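One-letter residues, chain by chain:
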Protein chains: 2
Amino acid sequence: MKNDLSTEEKIKDAARKVFMTKGFSGCTTREIAKSVGINVALLNYYFRSKGKLFELILEAALTDLIDGMVEVFHQDMTLEDKTRLIIDKEFEFLKKYPEFPLFIHAGLNQESDTEMDLSSFLGRLHTTGIFEQCEKAQAAGKMRKVNMINVTLLFMSNCHFPIMSKKLISGIYQISEEEHENLLIAHQEIVKEMLINYLFPNTNQHA
Amino acid sequence: MKNDLSTEEKIKDAARKVFMTKGFSGCTTREIAKSVGINVALLNYYFRSKGKLFELILEAALTDLIDGMVEVFHQDMTLEDKTRLIIDKEFEFLKKYPEFPLFIHAGLNQESDTEMDLSSFLGRLHTTGIFEQCEKAQAAGKMRKVNMINVTLLFMSNCHFPIMSKKLISGIYQISEEEHENLLIAHQEIVKEMLINYLFPNTNQHA
DNA sequence: ACTTATTTTAAACACTTGTTTAATTATTGA
DNA sequence: TCAATAATTAAACAAGTGTTTAAAATAAGT
């Protein structure tokens, strides 16, 4: 257990890629091992089982998800600017890793046994002071009085779903890969304006 | 091949239930057969293979999805009323079948080989005249000029995602089943007001 | 009744699955 | 250098997979 992370990290990278695109039960340990160029046994030498490896990947993905929010929330900005920034960052990130949202949700639904603990994330969000900032804005009448969980839901719905619904949308409307990309670019602006208009109704004059 | 649909239909019902909760590769043909009380061979006697059965279920689910929209679009109502109605109907339906959205998206992503044809649905939507109604409203300045695909995305994002993200949201915010239900009830109204305010900005005085 | 067709089953097949065991190769530490 | 530890592999294991075959039970047709 020296710092020869090379192989261990390579396995995690490959596992992430395979798990994201195919899901837990949609792939095999041999498939992951092969894509690293190693034996199946070695995979179980580093991580104890397929399930344990999956949990690791899923947990890392969830951490990344929260990290992105925390980073923005922690900055010194108005809520409107934070809104814009977080939507832009989320779209940018998700365009790079389109399988991410579906992986997380399917992953959380898959493991009925292990019931991953997500409680730690709430604390991290609290430390950013975002909740207080919203409370203040709401008290001052600058922000619509909406439960913070609903706010979270609004953001995630409008950022994550457009990415994960690519096959459905482009299938129904018969549009090409390129057209879908343009669709997302337009949608990003729509979402920004809609959410800002809704959450901060006072300052709704858009030049 | 008489009209003794009993067994065939029972298999489809069971398959739908199992596929929805566990996904294609997350379940076995024996599991489905067992839940019907029949042999595995009989399942392949009616449907040729696991994959063929899955396609059937997925296609039926997609048809249901479009059917719901078509039914509302076809009615004689203002766009605002259609908006309200479709959101209410969608939330009502999805609360009954919470696995539905995740199943569809995961299902569409699973089968890279068969590439299900979704083109027929566009025609069905066109026959409702909803696109013309929107065009007219947009020309009259009553509706915001937004591409119809973006409109679709807005609706689906804000209806489907809140349901499919149950585990993630209630995990992060540490809320109970009951609290999550109340969250959804509140969210339904939020989504209605937000979308109407955004799409029909003129009539945004809410009593 | 009895022949034919349909529905259902038990058993087997060939293959894949996650995991383990024991042996081999590389790396380290003194 | 050489023993001890770590990394890696080939092979096997037992269980589970989708699918098929051939036989049995049931229903239908005449």
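Shown above is the structure to which this text applies.
Below is a summary of the structure that appears in this document. (Residues numbered from 1 in each chain as written. Chains lettered and ligands numbered in written order. Predicted model: local features only at pLDDT ≥ 70, side-chain atom pairs only at ≥ 80, totals over all residues. Heavy atoms only, no water.)

**Considering the overall build of chain A**
Working step 1: Of regular secondary structure, chain A possesses 11 helices and 0 strands.
Working step 2: Principal-axis analysis of the C-alpha atoms gives chain A an extent of 60 × 45 × 30 Å.
Working step 3: When the 207 residues of chain A are sorted by exposure, 47% land in the buried category.
Working step 4: A sequence separation of at least 24 residues applies to 70% of the contacts in chain A between residues at least 6 apart. (Helix = DSSP H or I, 4+ residues; strand = E, 2+ residues; numbered from the N terminus. Buried < 20%, exposed > 50% of the residue type's maximum accessible area, 1.4 Å probe, protein only. Contact = heavy atoms within 4.5 Å.)

**As for the relation of the copies chain A and chain B**
Working step 1: Mapping chain A onto chain B is achieved by rotating through 180° and translating by 0.0 Å along the same axis, at an RMSD of 0.1 Å. The superposition operator between the copies reduces to a two-fold rotation axis.
Working step 2: Here 100% of the interface residues in chain A have copies in chain B that are interface residues too; the copies meet face to matching face. (Least-squares fit on C-alpha atoms with pLDDT ≥ 70 in both.)

**Details of the protein's contact with DNA strand D**
Working step 1: Inspection of the region around DNA strand D gives 18 residues, with Y45(A), Y46(A), T28(B), R30(B) and K50(B) positioned closest.
Working step 2: When the atoms of DNA strand D within 4 Å of the protein are sorted by group, sugar and phosphate make up 55%.
Working step 3: At 3.0 Å, a side-chain N or O of T29(B) approaches a phosphate oxygen of DNA strand D.
Working step 4: Elements supplying a minimum of two residues to the surface near DNA strand D: α3 (40–46) of chain A together with α2 (29–36) and α3 (40–46) of chain B.
Working step 5: Looking at the surface near DNA strand D, the element that brings in the most residues is α3(A), giving 4 residues.
Working step 6: Class assignment of the residues belonging to the surface near DNA strand D gives a composition of 8 nonpolar, 6 polar and 4 charged. (Near = heavy atom within 4 Å. Polar contact = N/O pair within 3.5 Å; in protein donor to acceptor, adjacent residues only side chain to side chain. Nonpolar A, V, L, I, M, F, W, Y, C, P; charged D, E, K, R; others polar.)

**Observations concerning the packing of helix α5 (residues 79–96) of chain B against helix α9 (residues 148–164) of chain B**
Residue and element names in this part refer to chain B.
Working step 1: Between α5 and α9, the least distance of the axes is 10 Å, while the angle of their chain directions is 25°. The orientation of α5 with respect to α9, classified from their angle, is roughly parallel. Seen from above, α5 lies across α9 with right-handed handedness. Listed contacts from α9 to T83, I86, I87, E90, F91, L94 and K95 of α5 are F155, N158, C159, H160 and I163.
Working step 2: For the contact of α5 with α9, the per-class residue count stands at 7 nonpolar, 3 polar and 2 charged. (Axes fitted to C-alpha atoms, helices over the stretch in contact; angles between N-to-C directions. Parallel < 35°, antiparallel > 145°, perpendicular 65-115°, else oblique. Left-handed = near helix turned anticlockwise from the far one by under 90°.)

**Here we look at the interface of chain A and chain B**
Working step 1: With 52 residues of chain A at the interface, the matching set in chain B holds 52 residues.
Working step 2: At the boundary of chain A with chain B, total buried surface from both sides reaches about 4900 Å², with 72% on carbon and sulfur atoms.
Working step 3: Connecting chain A to chain B are 2 salt bridges.
Working step 4: Residue R144(B) is joined to E193(A) by a salt bridge in which the shortest nitrogen-to-oxygen separation is 3.2 Å.
Working step 5: Counting only elements with at least two residues in the side of chain A that touches chain B, the list comes to α4 (50–73), α6 (100–110), α7 (119–127), α9 (148–164), α10 (166–172) and α11 (177–199) of chain A.
Working step 6: With 13 residues, α9(A) is the single largest residue contributor to the side of chain A that touches chain B. (Buried area = accessible area lost by both parts, 1.4 Å probe. Salt bridge = Lys/Arg side-chain N within 4 Å of Asp/Glu carboxyl O.)

**A look at the nonpolar core**
Working step 1: L62(A) and L62(B) are the most contacted members of the largest nonpolar core, which has 142 residues in total.
Working step 2: In contact with L62(B), not counting residues within four places along its chain, are L168(A), I104(B), L108(B), M116(B), L118(B) and F121(B). (Core = buried A, V, L, I, M, F, W, Y, C linked by side-chain atoms within 4.5 Å.)

**Quick word on the packing of α7(A) against helix α8 (residues 130–139) of chain A**
All names here are of chain A.
Working step 1: At a minimum axis distance of 6 Å, the contact between α7 and α8 shows a crossing angle of 55°. It follows from the interaxial angle that α7 and α8 lie oblique. On the side of α7, the interface is formed by L122, L125 and H126, while α8 contributes I130, F131 and E132.

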